[in-house]
Amino acid sequence: MGLMKAVQLVAHGKPGTFRVADLAPLQPGPDEVVVNVKACGLNRLDLWLEEGTLPLQLQLPRTPGAEIAGVISRLGSDVDDWRVGDRVAVQSNLFCGQCEFCLRGDESICLKGQLLGVQKDGGFAEEVLTPARSLVKIPKDVSFETSAALTLAGSTAMHMLTNRAEVRSSDWVLIVAGASGVGSAAIQIAKQFGANVIATASTLEKRNVAMEAGADHVVDSTSETWPSEVRQLTDRRGVDMAIEHVGGKMFEQVFACLARGGTVVTCGATAGREVEMNLWPFFVKQQRLIGSYGRNRSDMTATLEWAALGKLKPMIHKTYSLAETPQAFTDLRNRTVLGKAVIVV
Ligand SMILES: [Zn+2]
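Described below are features of the structure shown in this document. Quick caveat, the model's predicted, so the values are computed rather than measured.

**Considerations on the sheet that holds strand E11 (residues 196-201)**
Alright, step 1. Strand order in the open sheet made by the six strands is E12-E11-E10-E13-E14-E15, with parallel pairing throughout. Sheet topology places strand E12 (217-220) and strand E15 (288-291) at the edges, where each strand pairs with a single neighbour. The sheet shows a mean angle of 20° between the axes of neighbouring strands, direction not considered.
Alright, step 2. Contacts from helix H7 (residues 226-233) reach strand E10 (172-175), E11, E12, strand E13 (239-244) and strand E14 (258-266), with the element oriented near 155° to E12.

In structure tokens form, the structure reads like this:
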């Protein structure tokens, strides 16, 4: 077997320093498989790794890339559920399969959880090594690019709307940053459940993306008064559910939009991890705040099945070759990406 190419981050920074390395082919342990990567989506998580700002112990060099789609090329000796040639997506929240949370199906809060592409080498490479238990089958009608554009952000949204909370028809749902990966998927999922969707976006182009995804209303998040616009749209009642993944001031503004008995589900804090919260209206109005992290394989399976049925469409902005990976990082950081950037290997 020849060498395999991998894009390695060798020094943190904005931008970080990358190199394309020729590495020895990967060898699977007994319960592992090697996946030939066909496509891998780029996410904000990759930028945090690049910048070195994650609250985790990080070691370099590291191959980033968490949203992997590919074909199994080699099997470990104990793997009997999969075959060479199977088309697979990879659950990048690596989990042990044995702790109390894994055993009850909550693998995304595994006691020994690790992030593929952050704490282990990920998918911006020709090959990736993964435990067989982390694989999910890609339906035959779903392309590798579509899988690589949906299985992280799309199934994060699926986890928030159908697992951590349950969106109902007739709910008013607020989705912040509606043009983002999580936002555009959340809009589509909430609409499929029959909800009324209000999204936020900071530019005209992004508002158009949120409308294309199916939002009923889109408000300009750069306007100071957007929370009162949301209250007006809902007849002053507020929204039943808010899908939040920005943090900082946005997190505080979202509570100004929330109805009595409403729920905020949050999965990110790009704009700030520490926030202020007024507890008086929160408990008087009997509201709920729910944390969400990653996804379970069941969320990935649902996301890919919905993609096969055309109920969930990826918003792919641009595809890049493996060698162009550093440019894709720069484009995502400079916010010139509308929708997903996908590396095609
Ligand atoms: Zn576990």
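**Brief notes about the pattern of salt bridges**
Alright, step 1. Scanning all chains against the criterion turns up 16 salt bridges.
Alright, step 2. Residues aspartate 86 and lysine 137 are paired through a salt bridge, measuring 3.9 Å at the closest nitrogen-oxygen approach. A residue pair is termed long-range when its members are at least 10 positions apart, and aspartate 86 in the loop between strand E4 (67-75) and strand E5 (87-90) and lysine 137 in strand E9 (residues 135-137) qualify at 51 residues.
Alright, step 3. For lysine 137, a relative accessible area of 52% gives the class exposed.
Alright, step 4. Sharing partners across several salt bridges, the network here consists of Glu50, Glu51 and Arg333.

**Section: empty space enclosed by the protein**
Alright, step 1. Here the structure, examined in full by the defined rule, presents one cavity of 30 Å³ or more.
Alright, step 2. Roughly 60 Å³ of internal volume is contained in the largest cavity.
Alright, step 3. Lining the largest cavity we find 13 residues, and of these Ala149, Leu150, Gly181, Ser184 and Met315 sit closest to its centre.
Alright, step 4. Those elements giving two or more residues to the lining of the largest cavity turn out to be helix H3 (144-150), helix H4 (153-164) and helix H5 (181-192).

**Some thoughts on helix H1 (residues 44-51)**
Residues that lie three or four places apart on an α-helix share one face, since the helix turns once every 3.6 residues.
Alright, step 1. What H1 keeps buried is the set Leu45, Asp46, Leu47, Leu49 and Glu50.
Alright, step 2. Looking at the buried side of H1, the elements it contacts are strand E1 (4-11), strand E2 (17-23), strand E3 (32-41), strand E7 (114-115) and helix H11 (325-333).
Alright, step 3. Two residues or fewer past H1, glycine 52 is found with a positive phi of approximately 75°.

**Some details on the coordination of the zinc ion**
Alright, step 1. The protein atoms that coordinate the zinc ion are Cys96 (SG), Cys99 (SG), Cys102 (SG) and Cys110 (SG), at distances of 2.3 to 2.4 Å.
Alright, step 2. If you look at the zinc ion, its four donor atoms make angles of 101 to 118° with each other, and the shape they trace is tetrahedral.
Alright, step 3. Counting along the primary sequence, the residues that act as donors to the zinc ion give the motif C-x2-C-x2-C-x7-C. With cysteine 96 in the loop between strand E6 (93-94) and helix H2 (100-103) and cysteine 110 in the loop between H2 and E7, this pair connects stretches of sequence that are 14 residues apart.

**What to know about unusual backbone geometry**
Alright, step 1. Of note, the amide linkage connecting lysine 14 to proline 15 takes the cis form, showing an omega dihedral of 5°.
Alright, step 2. Relative to the elements of secondary structure, proline 15 occurs in the loop between E1 and E2.
Alright, step 3. Across the junction of leucine 60 and proline 61, the peptide omega takes the value 0°, indicating a cis bond.
Alright, step 4. Within the secondary structure layout, proline 61 lies in the loop between H1 and E4.
Alright, step 5. Of note, alanine 177 is a non-glycine position whose phi angle comes to about 50°, a positive value.
Alright, step 6. On the secondary structure map, alanine 177 appears in the loop between E10 and H5.

**Re the packing of aromatic side chains**
Alright, step 1. Evaluation of the coordinates by the stated rule reveals six aromatic pairs.
Alright, step 2. Here the aromatic rings of phenylalanine 18 and phenylalanine 329 are separated by 4.8 Å at their centres, their planes lie at 55°, and the arrangement is tilted. Here phenylalanine 18 is found in strand E2, whereas its partner phenylalanine 329 is found in helix H11, with 311 residues between them in sequence.
Alright, step 3. Overall, phenylalanine 18 belongs to the buried group, its relative accessible area being 17%.
Alright, step 4. Where phenylalanine 193 meets tryptophan 306, the ring centres are 5.8 Å apart and the plane angle is 35°; that geometry is what we call tilted.

**As for the nonpolar core**
Alright, step 1. Counting residues in hydrophobic clusters, the biggest one holds 47 residues, and the most contacted among them are Ile175, Ile187 and Ile243.
Alright, step 2. Ranked by the residues each element gives to this core, the list is headed by H5, at six residues.
Alright, step 3. Not counting residues within four places of it along the chain, the set of residues in contact with isoleucine 243 comprises Met160, Leu161, Val173, Leu174, Ile175, Val176, Ala186 and Val265.
Alright, step 4. One finds Cys40, Ile68, Val79 and Leu322 within the second-largest nonpolar core, a separate group that totals 36 residues.

**Some thoughts on the layout of surface pockets**
Alright, step 1. Counted as a void, the largest pocket has a volume near 1300 Å³.
Alright, step 2. Every residue lining the largest pocket is counted, 46 residues in all, and those nearest its centre are Arg44, Trp48, Val182, His245 and Thr270.
Alright, step 3. With three residues, H1 is the single largest residue contributor to the lining of the largest pocket.
Alright, step 4. If you add up the space inside the second largest pocket, you get close to 370 Å³.
Alright, step 5. Lining the second largest pocket are 22 residues, with Glu32, Leu94, Leu116, Lys120 and Leu129 positioned closest to its centre.
Alright, step 6. At the level of secondary structure, the elements contributing two or more residues to the lining of the second largest pocket comprise E1 and strand E8 (127-131).
Alright, step 7. The leading source of residues in the lining of the second largest pocket is E8, at four residues.
Alright, step 8. The residue inventory of the lining of the second largest pocket, partitioned by class, reads 12 nonpolar, three polar and seven charged.

What counts and how
Residues numbered from 1 in each chain as written. Predicted model: local features only at pLDDT ≥ 70, side-chain atom pairs only at ≥ 80, totals over all residues. Heavy atoms only, no water. Pairing = 2+ DSSP bridges. Helix = DSSP H or I, 4+ residues; strand = E, 2+ residues; numbered from the N terminus. Axes fitted to C-alpha atoms, helices over the stretch in contact; angles between N-to-C directions. Contact = heavy atoms within 4.5 Å. Salt bridge = Lys/Arg side-chain N within 4 Å of Asp/Glu carboxyl O. Buried < 20%, exposed > 50% of the residue type's maximum accessible area, 1.4 Å probe, protein only. 1 Å grid on protein atoms, 1.4 Å probe; cavity = no way out; pocket = protein on both sides within 12 Å on 5 of 7 lines; lining within 4 Å. Points joined across faces, edges and corners; volume = space filled by probe spheres on them. Donors = N, O, S within 2.8 Å, 3.2 Å for Na, K, Ca; no water. Tetrahedral: all angles 85-135°; square planar, octahedral: opposite > 155°, others 65-115°. Phe/Tyr/Trp six-rings, centres within 6.5 Å; stacked < 30°, edge-to-face > 60°. Core = buried A, V, L, I, M, F, W, Y, C linked by side-chain atoms within 4.5 Å. Nonpolar A, V, L, I, M, F, W, Y, C, P; charged D, E, K, R; others polar.

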